[in-house]
Amino acid sequence: MKAKIKRTLQITMLAAALISAAPAAFGAGEKLAVFTKNNTNPFFQAVRLGADSAAKQMKVGLTQFVPTKPDSIPEQMSQMEDVIVKKPDAIVLVPVDYKAMVPGVEKLNAAGIPLVNIVDRSAGGKFVSYVGADDYVLGMVTARYLIKAMKGKGNVVIMEGVRGSLTSADRVRGFNAAIKEAPGVKLVASQPANFQRLQALQVMENLMQSHPAIDGVLAANDAMALGALEALDGAKRKALAVGINATKEGVDAIKAGRMLASGDYNGFVQGCLGTMIAVRTLRKQPVPKEVLLPAVVVDKTNYGPYDLPVDQRSCPKWEEMVKG
Amino acid sequence: MRVTRGNLLESMREAFARLGGRLAAVILIFVVLGLASDVFLTQNNLLNVLRQAALLFLIASGLTLVILTAGLDLSVGANLGMSACLAASVLKATGSPFLGVLTGVASGLATGLANGLLVTALRIPPFIATYGMLWVLHGLSYYYMAGDTIYGFPPGFREIGSGYLFGLPVPIYLMFVFLAIGWLFLERTTWGQEVYAVGANPVAARLSGVPVRRRLVLVYTVSGGMAGLAALVYLARLNSAEADIGEPLLLPAIAAVLIGGASLFGGVGTLGGTLIGALILTLVLNGMNLLEVNANWQPLVTGAMVLIGVLLDMWTRRRAEEKS
């Protein structure tokens with residue numbers, strides 16, 4: 001809340017805000033640029049805060065580039081072109097689209113700027129290193145957790161994300177793989193709700209009409225899981241629900257016993273690692289070619305670290321992350 | 001504002017006659033879905049559809065007034081998002097449903113008034129004025145929320161969205177109350193008639209003494225206020241606010257108005273038509289979920305249903321003209 005009040009004050013001082021909104025000048029030490037997909041998904045906010053925390057620890061300057069229109073391919077492309085002029089020492093990149101951004105990546109390669117790829121693996125271009133996690137495994141691990149809690153039997157529904165998004169497709173594939181392992185579990189419907197809370201609510205309301213017994217909900221993100229839970233509450237029905245991303249809201253729902261669990265691969269740590277690898281490369285320290293973070297299912301027993309607001313976390317030690 | 005006289009029943013009959021073809025489209029959807037799904041025609045499902053349509057109708061109703069003047073309000077979605085975030089903050093900080101509602105509506109009205117002044121005092125074309133406003137509001141909301149989610153509102157407040165009154169969900173009452181108020185305003189008051197006149201021919205309207213600018217400011221302000229109100233229904237239903245919740249609602253709202261028979265050139269359209277437009281869009285999603293249409297086909301089915309609905313309407317209209 002305090003942060004909100006502070007931001008309200010800042011909005012009222014719009015003039016000042018406009019000046020400070022211009023990309024801050026690169027600080028002391030090495031100059032880094034971090035590219036993320038949008039300003040709306042809490043996951044990328046966590047990535048950015050992780051990068052900031054790492055930059056502070058390693059005393060480097062860092063500028064964030066985020067398309068004003070969420071996930072805009074042309075906008076990230078022009079941001080890449082702009083950044084070539086400014087010539088940062090290294091770039092940490094989440095491509096808004098793993099295929100469409102390849103020409104941009106090649107331009108950065110041609111400019112000789114070292115690149116670290118995080119979150120979504122680029123389909124082309126040269127990178128020092130890749131940090132990420134597998135959405136398929138994440139979906140599978142999360143669904144297995146739900147199925148275990150359902151004691152291996154009952155009806156489940158899937159809330160899919162945006163059609164054509166790799167993230168959603170992989171998670172849903174993982175869900176389905178886990179369902180196939182459990183002969184007692186029946187998938188009664190798999191419908192898109194586009195990662196949107198309102199749509200998930202409406203889709204769930206509609207599905208409850210034709211399915212009198214739904215025991216489990218597999219949602220490709222937390223917002224959809226919570227939307228589906230609102231629909232269940234409204235109809236005074238109960239089902240176990242899992243989401244993905246372990247957002248603060250999701251963790252609160254887990255704490256309150258409303259949501260069963262949430263799968264996560266820790267955007268904050270991905271931001272930390274990506275930034276540290278970039279800096280270590282510049283300082284000629286050894287870096288791994290690839291780090292795949294393990295999928296974690298956050299539930300009532302282990303939500304502790306996720307309960308802390310993201311902006312108060314700080315990066316774990318390098319050795320811990322690379323080993324883990 | 002004067003209330004015009006005349007036979008109320010007669011004008012209601014006329015209103016229904018004007019809806020002719022669109023009603024036929026809705027009836028066709030009912031027949032098809034009723035035959036295809038054994039749960040479609042249950043009381044629960046029909047209430048479900050009406051409740052889902054209510055949110056869309058509330059946004060689209062204000063927008064209808066704007067479109068009647070040959071204007072456009074592209075900021076309704078962003079306005080909803082911004083009003084929801086502000087109202088959510090106030091609800092969290094004060095716990096008072098009254099202050100929350102006040103904030104949501106005031107924020108909506110303020111944005112609407114600003115739109116009205118941009119269009120009249122500064123003579124910016126409505127498309128550009130409200131497109132600019134859309135970005136300003138998105139920017140402010142993203143900045144204010146910084147990727148956060150505000151959630152968990154007082155139970156009293158949540159009644160607006162998830163409560164029941166005499167066995168019917170509260171949003172359905174809101175929908176019909178605003179339909180009635182809007183209809184009486186447009187059909188039975190001089191101001192309402194002037195709104196049509198401004199859209200049909202602004203020069204003629206001005207020459208015959210209609211205060212064109214004041215009516216324009218009025219419709220944009222009302223449109224903003226309705227977006228603010230819809231934001232409250234959203235918050236009360238979903239129990240949560242994020243910066244980007246309004247974006248997916250803009251195009252469906254415009255579509256509901258236009259499917260409902262309003263013309264972008266102004267002077268033509270009714271609120272009853274907009275209600276039918278909102279119902280058609282809601283029924284399509286409901287039907288696809290009940291019949292479990294594969295996610296890949298859903299956009300195509302939506303598009304086809306909209307086109308068929310509008311074609312059916314044009315066809316019945318032409319036949320009626322030939323007969324007379």
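Residue positions are given per chain, counted from 1 along the sequence in the order it is written. Chains and ligands are labelled by the order in which they are written, letters from A for the one and numbers from 1 for the other. Totals for whole chains, interfaces and linings use every residue, but because this is a predicted model, local features are given only for residues with pLDDT of at least 70 and side-chain atom pairs only at 80 or more, for both listing and counting.

Caption draft 1: Spatial organisation of the overall build of chain A. The helix and strand inventory of chain A stands at 13 helices and 12 strands. Reported as C-alpha extents along the three principal axes, the dimensions of chain A are approximately 60 × 45 × 35 Å. Contact between residues is assigned whenever the C-beta positions, reconstructed from backbone atoms, fall within 7 Å. Expressed as a percentage of contacts within chain A between residues at least 6 apart in sequence, the contacts between residues at least 24 apart total 73%. Comment: elements are numbered from the N terminus, with helices defined as DSSP H or I runs of at least four residues and strands as E runs of at least two.

Caption draft 2: Here's a closer look at the overall build of chain B. Counting its regular elements, chain B contains 13 helices and four strands. Using C-alpha atoms as the atom set, the radius of gyration is obtained and then compared with a globule rule of 2.2 Å times the number of residues to the power 0.38. Compactness check: chain B gives a C-alpha radius of gyration of 20 Å against a globular reference of 20 Å for 324 residues, within 12% of the reference. On the principal axes, the C-alpha backbone points of chain B span a range of 60 × 55 × 40 Å. A sequence separation of at least 24 residues applies to 79% of the contacts in chain B between residues at least 6 apart.

Caption draft 3: Representation of the nonpolar core. Think of a nonpolar core as buried Ala, Val, Leu, Ile, Met, Phe, Trp, Tyr and Cys residues, each tied to the set through C-beta atoms within 7 Å. Three exposure classes are used, based on other C-beta atoms lying within 10 Å of a residue's own C-beta, which is placed from the backbone: buried for 20 or more, exposed for 12 or fewer, and partly exposed in between. Grouped together as the largest cluster of nonpolar side chains are 154 residues, with contacts concentrated most on Ala228(A) and Ile59(B). Per-element tally for this core: the top contributor is helix H10 (residues 212–238) of chain B, with 16 residues. Other than its neighbours up to four places away in sequence, Ala228(A) contacts Met159(A), Ala200(A), Leu201(A), Met204(A), Val217(A), Ala219(A) and Ala241(A). One finds Phe44(A), Ala51(A), Val119(A) and Val310(A) within the second-largest nonpolar core, a separate group that totals 45 residues.

Caption draft 4: Structural view of unusual backbone geometry. All names here are of chain A. Phi angles above zero are rare outside glycine, and Asn266 is one such case at about 60°. Tracing the backbone through its elements, the reader meets Asn266 in the loop between strand E10 (261–264) and helix H11 (267–282). In the Ramachandran plot, Lys284 falls in the positive-phi region, its phi being about 60° despite a non-glycine side chain. Examined against the element boundaries, Lys284 turns out to sit in the loop between H11 and strand E11 (290–292). Looking at Lys284, the number of C-beta atoms within 10 Å reads 7, which means it is exposed.

Caption draft 5: Representation of the sheet that holds strand E4 (residues 115–119) of chain A. Residues and elements named next belong to chain A. Here six strands make up an open sheet; going across it, the order is E2-E1-E3-E4-E5-E11 and the pairing parallel. Each edge of the sheet is formed by a strand with only one pairing partner; in this case those strands are strand E2 (61–65) and E11. The mean inter-strand angle of the sheet, taken between neighbouring strand axes irrespective of direction, is 15°. In this sheet, E11 lies alongside strand E5 (residues 129–132) in parallel orientation, the contact comprising three bridges. For Val131, the partnering residue across the bridge sits in E11 and is Val291. To define axes, lines are fitted to C-alpha atoms, for helices over the stretch in contact only, and angles between the resulting N-to-C directions are given on a 0 to 180 degree scale. The sheet strands contacting helix H4 (residues 73–86) are strand E1 (31–35), E2 and strand E3 (90–93), and the helix crosses E1 at an angle near 170°. When DSSP finds at least two bridges between two strands, those strands are taken to pair.

Caption draft 6: The sheet that holds strand E8 (residues 216–219) of chain A, seen in detail. All names here are of chain A. Across the sheet, which stays open at both edges, the six strands sit in the order E7-E6-E8-E9-E10-E12 with mixed pairing between neighbours. Each edge of the open sheet carries a strand with a single partner, namely strand E7 (185–192) and strand E12 (296–298). Between one strand axis and the next, the sheet turns through 20° on average, direction left out of account. For E8 and strand E9 (residues 240–244), the ladder comprises three bridges, and the chain directions are parallel. From the neighbouring strand, Val217 faces E9, where its bridge partner is Ala241. Contacting strand E6 (154–160), E8, E9 and E10, helix H9 (residues 222–234) crosses the sheet at an angle of about 155° to E9.

Caption draft 7: Main features of the domain arrangement of chain A. Residue and element names in this part refer to chain A. For the purposes of this description, domain bounds are those given by an automatic or database domain assignment. Splitting chain A by domain gives domain 1 (26–133 + 266–293) and domain 2 (135–264). Computed over C-alpha atoms only, the centres of domain 1 and domain 2 are separated by 31 Å. Contacts between the two partners involve six residues from domain 1 and, on the opposite side, five residues from domain 2. For the side of domain 1 that touches domain 2, the per-class residue count stands at four nonpolar, one polar and one charged. Residue polarity is assigned by list, with Asp, Glu, Lys and Arg as charged and Ala, Val, Leu, Ile, Met, Phe, Trp, Tyr, Cys and Pro as nonpolar; anything else, Gly included, falls into the polar class.

Caption draft 8: Representation of the environment of Arg215(B) within the structure. Residue and element names in this part refer to chain B. Assignment of secondary structure puts Arg215 in helix H10. Residue class for Arg215 comes out buried when judged on the 24 C-beta atoms lying within 10 Å of it. Placed 146 residues apart in sequence, Arg215 and Thr69 show a C-alpha to C-alpha distance of 8.9 Å.

Caption draft 9: Local environment of the packing of helix H3 (residues 42–58) of chain A against H11(A). Residues and elements named next belong to chain A. The contact between H3 and H11 brings their axes to 6 Å, and the two run at 40°. Viewed along their axes, H3 and H11 adopt a mutual orientation that is oblique. With respect to the hand of their crossing, H3 and H11 are arranged in right-handed fashion. Between H3 and H11, the contacting residues are Phe43, Phe44, Ala46, Val47, Arg48, Leu49, Gly50, Ala51, Ser53, Ala54, Ala55 and Met58 on the first element and Gly267, Phe268, Val269, Gln270, Gly271, Cys272, Gly274, Thr275, Met276 and Val279 on the second. Of the residues that constitute the contact of H3 with H11, the class distribution is 14 nonpolar, seven polar and one charged. Orientation labels follow simple angle bins: below 35 degrees gives roughly parallel, above 145 gives roughly antiparallel, 65 to 115 gives roughly perpendicular, and whatever is left gives oblique. Should the near helix be turned anticlockwise from the far one by less than a right angle, the crossing is left-handed, and should it be turned clockwise, the crossing is right-handed.

Caption draft 10: Main features of the pairing of E10(A). Residues and elements named next belong to chain A. Covered by surrounding structure in E10 are Ala261 and Gly263 together with Ser262 and Asp264, the residues of both alternating faces. Pairing analysis gives three bridges linking E9 to E10, with the strands arranged parallel. Directly across from Ile244, in E10, lies its bridge partner Gly263. If the strands point away from the viewer and the path from the first strand over the helix to the second runs clockwise, then the crossover is right-handed. Where the polypeptide runs from E9 across helix H10 (residues 248–255) and back to E10, its parallel neighbour, the crossover connection is right-handed. In this structure, E10 lies alongside E12, joined through three bridges in antiparallel fashion. Within E12, the residue paired with Asp264 across the bridge is Val296.

Caption draft 11: Geometry of the interface of chain B and chain A. The partner chain A presents 31 residues to the 36 residues of chain B that form the contact. Residues belonging to the side of chain B that touches chain A are distributed by class as follows: 16 nonpolar, 16 polar and four charged.

Caption draft 12: The arrangement of helix H7 (residues 170–188) of chain B in detail. Residues and elements named next belong to chain B. To estimate the expected span of a helix, subtract one from its residue number and multiply by 1.5 Å. Under the 1.5 Å per step criterion, the end-to-end length of H7 is 27 Å for 19 residues, consistent within 8% with the ideal 27 Å. All buried positions along H7 are accounted for by Val170, Pro171, Leu174, Met175, Gly182 and Leu186. Each buried residue of H7 lies within a common arc of 140° when the element is viewed along its axis, so the set occupies one face. Residues Val177 and Ala180 are exposed on H7 and point more than 90 degrees away from its buried face. Comment: arc refers to directions from the helix axis out to C-beta atoms.

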